[in-house]
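Summary of the model geometry
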Protein chains: 2
Amino acid sequence: MRRVQLYDTTLRDGCQSEDVSFTLEDKLRIAERLDALGVHYVEGGWPGSNPRDAEFFRAAKRLRLRHARLAAFGSTRRAGIRAEDDHNLELCLRADTPVVTIVGKTWDLHVREDLRIPLEENLDVIRDSVAFLRRHVDEVIFDAEHFFDGWAASPAYALACVEAAAQAGATLVCLCDTRGGSLPPHVGLAVDAAQGMIPGTPLGIHCHNDAELAVANSLEAVERGCLQVQGTINGFGERCGNANLVSLVPTLQLKRGFHCVRPEQLATLAAVSRFVYELANLEPNKRQPYVGQSAFAHKGGLHVAAVQKQRETYEHIDPALVGNVQRVLVSDLAGRSNLLYKAAQFGIDLQSDRPAVQRLLEQLKNLESRGFAYEGAEASFELLMRGALEGDRRRFFRLIGFRVIDEKRHEGEPPIAEATIMLEGPNGEVEHTAAQGNGPVHALDQALRKALGKFYPEVHEVRLLDYKVRVLGSGEGTGALVRVLIESGDERERWGTVGVSHNVIEASWQALVDSMDYLLHKRRDPAA
Amino acid sequence: MRRVQLYDTTLRDGCQSEDVSFTLEDKLRIAERLDALGVHYVEGGWPGSNPRDAEFFRAAKRLRLRHARLAAFGSTRRAGIRAEDDHNLELCLRADTPVVTIVGKTWDLHVREDLRIPLEENLDVIRDSVAFLRRHVDEVIFDAEHFFDGWAASPAYALACVEAAAQAGATLVCLCDTRGGSLPPHVGLAVDAAQGMIPGTPLGIHCHNDAELAVANSLEAVERGCLQVQGTINGFGERCGNANLVSLVPTLQLKRGFHCVRPEQLATLAAVSRFVYELANLEPNKRQPYVGQSAFAHKGGLHVAAVQKQRETYEHIDPALVGNVQRVLVSDLAGRSNLLYKAAQFGIDLQSDRPAVQRLLEQLKNLESRGFAYEGAEASFELLMRGALEGDRRRFFRLIGFRVIDEKRHEGEPPIAEATIMLEGPNGEVEHTAAQGNGPVHALDQALRKALGKFYPEVHEVRLLDYKVRVLGSGEGTGALVRVLIESGDERERWGTVGVSHNVIEASWQALVDSMDYLLHKRRDPAA
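Given the structure is predicted, the values throughout are model-derived calculations rather than measurements. (Residues numbered from 1 in each chain as written. Chains lettered and ligands numbered in written order. Predicted model: local features only at pLDDT ≥ 70, side-chain atom pairs only at ≥ 80, totals over all residues. Heavy atoms only, no water.)

Further remarks concern the packing of aromatic side chains. Residues and elements named next belong to chain A. Across all of its chains, the model carries 18 aromatic pairs over all chains by this definition. Residues Trp46 and Phe73 carry aromatic rings whose centres are separated by 5.0 Å and whose planes lie at 75 degrees to one another, so their mutual orientation is edge-to-face. Residue Trp46 is found in the loop between strand S2 (41-45) and helix H2 (51-60), and its partner Phe73 is found in strand S3 (residues 69-75); the two are separated by 27 residues along the sequence. Given the relative accessible area of 16%, Trp46 is considered buried. Pairwise contacts between aromatic rings join Phe396, Phe455 and Tyr456 into one cluster. (Phe/Tyr/Trp six-rings, centres within 6.5 Å; stacked < 30°, edge-to-face > 60°. Helix = DSSP H or I, 4+ residues; strand = E, 2+ residues; numbered from the N terminus. Buried < 20%, exposed > 50% of the residue type's maximum accessible area, 1.4 Å probe, protein only.)

Dropping the structure here:
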């Protein structure tokens, strides 16, 4: 079984993403997670370009990595000076890592137009820089910048550059598709050519995703013999991002039989992906291959029926292998089989109660035709299901009335939002209270929880995590139907609820009430 | 130059995305945009599975498509009945489209486990269904479901299925990677095998993205001879999505020399991508290849310097070819060129007024950092630009104050929404009035127009066509920032306006006021 080395550059190239930036503490935590995942190399930053990266390497000394080797990144020496005198190379050494990776030019256009030195001189620059570093560190990786474009333009020169690095002692030469626009057949031929030139030096591959081909190009290069694959978690990186290790690892390991990490490490992949999204403060990509929330979600009725008979009919791998789970979505495309599956998930036995299923199907059809959607609102759906099965669902309070007032008195200032609410508690006690908020829904939410808190103090533990509004249909302007989705959470779980109305306040009210009801059912209803 | 046919299934497979659903009006608008883009086939839906799709085909008769042919989607007949008696095929014909596409099984596992019929009978099912449709429609496309998995498991049977479809008269056989887990080399070999089996029938390719290889697999299939490529805008689709046409078209056309669409159509690609995101009410993917906001954005200092000397050093294509623009992050230069680019779009000459550009840049930077976005709000942007150019923009009225009340008095009934408003007209007259509405924003809209109508009767001609609310960022629940987009129109044109606030009423108010201002400028301001 051929081994493939994973070289992660989330902490360096990944931070070139337009909306990604990590604190020092984030970087240290990510390095630890990558180590636990079984990544072989963690590139921590570019101390010569970013002073905060030098700080990372100082702090990283306290990490206890079991498996991963830390790499510092830099570039070849400047022209016209000795490697010994190059400040940037000096900073790479000061990072005190077992591995240093340096990038050098291999495309003659860049040497002429960007460096503005003779082609021969660039070969000296590469040789000197690699040889200098090798005298001080264990492993020196040479990143051949623009290798694929360079090889297309001037094959002999691009190959001379990687030969110079190999001769000077580079322990690995990594071929980079820096512009990210190469296609797999071209990558394959160029890897073959490099291998022919420096047969004794292992090769790596570093791709960007500008033509949505970074994963395909990396696979092709590994098939042609590259030992190391460079990439980032979730494909973060400059412009369209780097090769996504989260897609590459399971494909290499589960579909092509290469060894990257241990199976129990692979099973943490979805968690690592979400962890990195969380620290970057970005919404995870639902549609992300292997690990996305939708990656094993089934919506079409036919698919759901088939997948329940035999999982592999519509799933290319068992989601558990990468730490993901199968999900069945509830929507107007779905039929009876979706419903039974969902019920089983919530621990409700619908199989034995056919009239209840029929009732629920009709209710659902009716609600969906009125604009309700339960894809992001499993808690509302569970309440609906329990209601259909058990007759009326338990009521925790009765609304007597509410009023929300938005009053604007000055052109430059937003309106003041105030809500008053009156409701009846479990033993007939009436609570009448009021609250302000940033807007009408916020004010209503505050007032509802203030009032309910008198009877059920646990409502104060709930946090509203997300609030989405979607106007259904167009052509009706501000008189259109509105769907509100609310996501709530306590320290144990998260749940979604939905409301629909022509009135955004009413739709929000429905979703707020479902959220509170769901919590109270979980906490107070022994059957739930 | 080899031609490649584009077959778009955004309106069918794209709607299987977990968080994508379009209204009927959205679907009609998307079909028109796809036609203008130069797409050859637009698959409108599955009338047999979704009643709303049948409605689409009825309404689509009023579209004037210049180029694209509409396709209805369905599946092969049920086992045990005649094709003539199959309700699902009947509904495909009732869609009354020049093209019908039907999906049929080609993987023996599915025939045995899902259909539960003998393998021979499935060949009859395919033959009958295709032959029946061919008697009624021009073009019948056979979607060979699971072809690549089927060919891996039982090559002879998978090929017998596509042969049955071809012999029965399918005008094209499309090979589907339904589970989305195939790799390019396998796709290449399987396409060769199909081509050998049915050399006289053109082939298509339909890929899913479960291993992040849908684009690579589609490219490989086209290189091997497939005439048609099926996919969706932005890669929407079930689970991890379908092959992304927005990535495929420029790669095929700019890098491989195939002909898909005219260059001036290709230059609208970024706009079409954003349009579909907007209608789906989803945040566009910044990192999306070719069209994303970051696709030609440069952050690293070295890259920025090089790219300014010579664009091709870090850009794999000229972004203008796909309607995108280069951006340099955290740099005044980039902002300025963007602005001039936008001004030119609106026919405003900013070139000659450098201080105004500076003023506008600062204003815009400030507004965008507060959550404003002008992609769908050209009217607000024009007002802003005119304001910066001409000093204070003309004021048509002054708000003294408004109050909106939502009052709910019964559990089963929605609240009653009432707005009162007081404003000062052009000659200091004060108008104080009130109106009811379906919800708070509707009531405010009605009251504003009632009051303004006293001074400017033309406001009664305006219709509010669409109203969208997006909550910006998550993690703050109902206290989050809200962006409102309003689309208005009279008999001459349509215009979009925007507002942002923590308070949805305030954000809506800003967008409503911009809409009225824009109208009054157009009608009453000779310079506009």
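All names here are of chain B. Pairing between strand S12 (residues 416-424) and strand S13 (residues 430-437): eight bridges, direction antiparallel. Bridge pairing links Glu424 to Val430 in S13. Linking S12 to S13, which pair antiparallel, is a turn of five residues; within it Gly428 sits at a positive phi near 85 degrees. (Pairing = 2+ DSSP bridges.)

Each partner contributes to the interface: chain B provides 118 residues, whereas chain A provides 116 residues. Run the count over chain B and chain A and you get seven salt bridges. Where B:Glu18 meets A:Arg327, a salt bridge forms, and the shortest distance between an N and an O atom there is 2.7 Å. Of the residues forming the side of chain B that touches chain A, the biggest block, eleven residues, is contributed by strand S11 (residues 398-408) of chain B. Its residues assigned to classes, the side of chain B that touches chain A comprises 41 nonpolar, 40 polar and 37 charged. Two elements, strand S11 (residues 398-408) of chain A and S11(B), share seven bridges in a ladder whose sense is antiparallel. Bridge pairing links A:Val404 to B:Asp406 in S11(B). (Contact = heavy atoms within 4.5 Å. Salt bridge = Lys/Arg side-chain N within 4 Å of Asp/Glu carboxyl O. Nonpolar A, V, L, I, M, F, W, Y, C, P; charged D, E, K, R; others polar.)

Our next topic: the sheet that holds S12(B). Where strands meet in a sheet, backbone hydrogen bonds hold them as pairs that are either parallel or antiparallel. With antiparallel pairing, six strands are arranged side by side in an open sheet as S13(A)-S12(A)-S11(A)-S11(B)-S12(B)-S13(B). The sheet is open, and its two edges are formed by strand S13 (430-437) of chain A together with S13 of chain B, each paired on a single side. For this sheet the average axis-to-axis angle between neighbouring strands, irrespective of direction, equals 10 degrees. By the bridge criterion, nine bridges tie S11(B) to S12(B) in an arrangement that is antiparallel. Residue pairing for S12(B): B:Arg398 is matched across the bridge by B:Glu424. Across the face of the sheet, helix H17 (residues 440-452) of chain A comes into contact with S11, strand S12 (416-424) and S13 of chain A while running at roughly 145 degrees to S13(A). (Axes fitted to C-alpha atoms, helices over the stretch in contact; angles between N-to-C directions.)

With that settled, the discussion passes to the pattern of salt bridges. All names here are of chain A. Here the structure, examined in full by the defined rule, presents 71 salt bridges over all chains. With its nearest N and O atoms 2.7 Å apart, the salt bridge here joins Glu458 to Arg524. Of this pair, Glu458 sits in the loop between H17 and strand S14 (463-472) while Arg524 sits in helix H18 (residues 504-524), placing them 66 residues apart in sequence. Under the relative-accessibility criterion, Glu458 is labelled buried at 8%. Given a relative accessible area of 35%, Arg524 falls into the partly exposed group. Through salt bridges with shared partners, one network takes in Arg12, Asp13 and Glu43.

Within the fold, B:His316 resides in the loop between helix H13 (301-309) and strand S10 (327-328). Of the polar contacts made by the side chain of B:His316, one reaches the side chain of B:Lys255; its length is 2.9 Å. (Polar contact = N/O pair within 3.5 Å; in protein donor to acceptor, adjacent residues only side chain to side chain.)

Our focus in this paragraph is the sheet that holds strand S14 (residues 463-472) of chain B. Residues and elements named next belong to chain B. The strand order S14-S15-S16 describes an open sheet built from three strands, whose pairing is antiparallel. Each end of this open sheet is capped by a strand with a single partner; those strands are S14 and strand S16 (494-501). When the angles between neighbouring strand axes are averaged without regard to direction, this sheet yields 15 degrees. As paired elements, S14 and strand S15 (residues 481-489) share nine bridges and run antiparallel to each other. Within S15, the position partnered with Lys468 by the bridge is Leu485.

Moving on to helix H5 (residues 119-134) of chain B. Residues and elements named next belong to chain B. With 16 residues, H5 should cover 22 Å at 1.5 Å per step; its first-to-last C-alpha distance of 23 Å lies within 8% of that length. Of the positions making up H5, those classed as buried are Asn122, Leu123, Val125, Ile126, Ser129, Val130, Phe132 and Leu133. Considering only its buried residues, H5 is in contact with helix H3 (87-94), strand S4 (99-105), helix H4 (108-115), strand S5 (139-145) and helix H7 (155-167). (Expected span 1.5 Å × (residues − 1).)

Let us now look at unusual backbone geometry. Positive phi values are uncommon outside glycine, yet A:Arg116 reaches one of about 60 degrees. Mapped onto the elements, A:Arg116 comes out in the loop between helix H4 (108-115) and helix H5 (119-134). Unusually for a residue other than glycine, B:Asn234 sits at a positive phi of about 65 degrees. Assessed through its relative accessible area of 4%, B:Asn234 is described here as buried.

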